[in-house]
Amino acid sequence: MENWRENKIIHWTLVLAVFAITGSTIARLGTFITVEVGHEKYGWLWWVMLVVLLPVYSGLLLLVAFLFGKYEYFKAKQMKMWGRIGKLFKRKSNSGNED
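Only a predicted model underlies this, so the values are computations on that prediction, with no experimental measurement involved. (Residues numbered from 1 in each chain as written. Predicted model: local features only at pLDDT ≥ 70, side-chain atom pairs only at ≥ 80, totals over all residues. Heavy atoms only, no water.)

## Remarks on the packing of helix α2 (residues 44–67) against helix α3 (residues 71–89)
Alright, step 1. Two numbers describe how α2 lies on α3: the axes approach to 8 Å, and their chain directions differ by 160°. Considering the angle they form, α2 stands roughly antiparallel to α3. Every pair of crossing elements has a handedness; the one defined by α2 and α3 is left-handed. Contact residues: α2 offers Leu54, Pro55, Ser58, Leu61, Leu62, Ala65 and Phe66, while α3 offers Tyr71, Phe74, Lys75, Gln78, Met81, Trp82 and Ile85.
Alright, step 2. Along the lines of polarity and charge, the residues of the contact of α2 with α3 split into eleven nonpolar, two polar and one charged. (Axes fitted to C-alpha atoms, helices over the stretch in contact; angles between N-to-C directions. Helix = DSSP H or I, 4+ residues; strand = E, 2+ residues; numbered from the N terminus. Parallel < 35°, antiparallel > 145°, perpendicular 65-115°, else oblique. Left-handed = near helix turned anticlockwise from the far one by under 90°. Contact = heavy atoms within 4.5 Å. Nonpolar A, V, L, I, M, F, W, Y, C, P; charged D, E, K, R; others polar.)

Written out as structure tokens, the structure is:
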């Protein structure tokens, strides 16, 4: 029982470390881009930056997770997240009417 508890604590500590490192890195990158481009917050370019940084965040998350030995865990979470995002853009087909 004690070994299971230790493994759980180690697992969640590593997961939180991966999120912390990835989030901090993306925040610094976003701040750097914002300062260099010099655009105002919530302008159209700011929204474009958010859309661009989302895939960068996902890739960086998997890279950091790999370095911490949690690649498979985060890969499963990423696949689930991108699957849900894909469903938002998927067109619903006509029910039975395919001409």
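Alright, that's what it looks like, and here's the rest.
## As for α2
Alright, step 1. For α2, which comprises 24 residues, the first-to-last C-alpha distance of 35 Å matches the rise-based estimate of 34 Å (1.5 Å per residue) to within 8%.
Alright, step 2. Most pronounced at Leu53, the bend in α2 amounts to some 25°, and the proline Pro55 follows within four residues.
Alright, step 3. Within the sequence span of α2, burial applies to Trp46, Met49, Leu53, Ser58, Leu61, Val64 and Ala65.
Alright, step 4. Looking one or two residues past α2, Gly69 carries a phi angle of roughly 80°, positive in sign. (Expected span 1.5 Å × (residues − 1). Bend = angle between axes of the 7 residues up to and from the residue. Buried < 20%, exposed > 50% of the residue type's maximum accessible area, 1.4 Å probe, protein only.)

## Some thoughts on the nonpolar core
Alright, step 1. In terms of nonpolar packing, the biggest core is built from six residues, these being Val15, Val18, Leu61, Val64, Ala65 and Phe74.
Alright, step 2. For this core, the secondary structure elements donating two or more residues are α1 (2–37) and α2.
Alright, step 3. The dominant element in this core, judged by the number of residues it contributes, is α2, at three residues.
Alright, step 4. Filtering out sequence-adjacent residues up to four positions away, Val15 remains in contact with Tyr73 and Phe74. (Core = buried A, V, L, I, M, F, W, Y, C linked by side-chain atoms within 4.5 Å.)

## Side note on the side chain of Ser58
Alright, step 1. Among the structural elements, Ser58 can be located in helix α2.
Alright, step 2. The exposure class of Ser58 is buried, given its relative accessible area of 5%.
Alright, step 3. A distance of 2.9 Å separates the side chain of Ser58 from the side chain of Gln78, its partner in a polar contact.
Alright, step 4. In terms of polar contacts, Ser58 uses its side chain to reach the side chain of Trp82, at 3.2 Å.
Alright, step 5. When near neighbours in sequence (up to four residues on either side) are disregarded, Ser58 contacts Gln78, Met81 and Trp82. (Polar contact = N/O pair within 3.5 Å; in protein donor to acceptor, adjacent residues only side chain to side chain.)

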